[in-house]
Amino acid sequence: TLPMVCLPSVLACLTKLTQHEWWEVRHGGMLGLKYLTAVRTEAVQPSLVSVLSLISAGIQDDDDDVRAVAAEAALPLVVIMVGGAA
């Protein structure tokens, strides 16, 4: 399991990946966010605003693969925002 103390470093790496020039790298970063939000939803909650910002940028990406993964990464967070159980 990913210790909470490691989350800022992981998010920093994923942030760099999601902002890369090449779509393949942005796609990989979004895949990382997708799995992080799906598996460790509670760990993402303290950084929810920055994670949502990354996902929002991914949803607006020029590449359809990046947009699709970004939308999938948002799903576990929507449950949190509407007050449901993850």
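Residues numbered from 1 in each chain as written. Predicted model: local features only at pLDDT ≥ 70, side-chain atom pairs only at ≥ 80, totals over all residues. Heavy atoms only, no water.

**Concerning the packing of helix α2 (residues 23–39) against helix α5 (residues 64–81)**
For the pair α2 and α5, the least separation of the axes is 8 Å and the interaxial angle reads 15 degrees. With respect to α5, the element α2 is oriented roughly parallel. Between α2 and α5 the crossing geometry is left-handed. Here α2 contributes Trp23, Arg26, His27, Met30, Leu31, Leu33, Lys34, Thr37 and Ala38 to the contact with α5, which in turn contributes Asp65, Val66, Val69, Ala70, Glu72, Ala73, Pro76 and Leu77. (Axes fitted to C-alpha atoms, helices over the stretch in contact; angles between N-to-C directions. Helix = DSSP H or I, 4+ residues; strand = E, 2+ residues; numbered from the N terminus. Parallel < 35°, antiparallel > 145°, perpendicular 65-115°, else oblique. Left-handed = near helix turned anticlockwise from the far one by under 90°. Contact = heavy atoms within 4.5 Å.)

**Details of the pattern of salt bridges**
Considering all chains together, one arrives at three salt bridges under this definition. Note that Arg26 and Asp61 form a salt bridge whose closest N and O atoms lie 2.6 Å from each other. With a gap of 35 residues between them, Arg26 in helix α2 and Asp61 in the loop between α4 (48–59) and α5 connect regions that are remote in the sequence. Across this residue pair, the class does not change: Arg26 and Asp61 are buried. Put simply, Glu72 and Lys34 hold a salt bridge, and the shortest N to O gap is 2.7 Å. Of this pair, Glu72 sits in helix α5 while Lys34 sits in helix α2; the two residues are 38 residues apart in sequence, bridging distant segments of the chain. (Salt bridge = Lys/Arg side-chain N within 4 Å of Asp/Glu carboxyl O. Buried < 20%, exposed > 50% of the residue type's maximum accessible area, 1.4 Å probe, protein only.)

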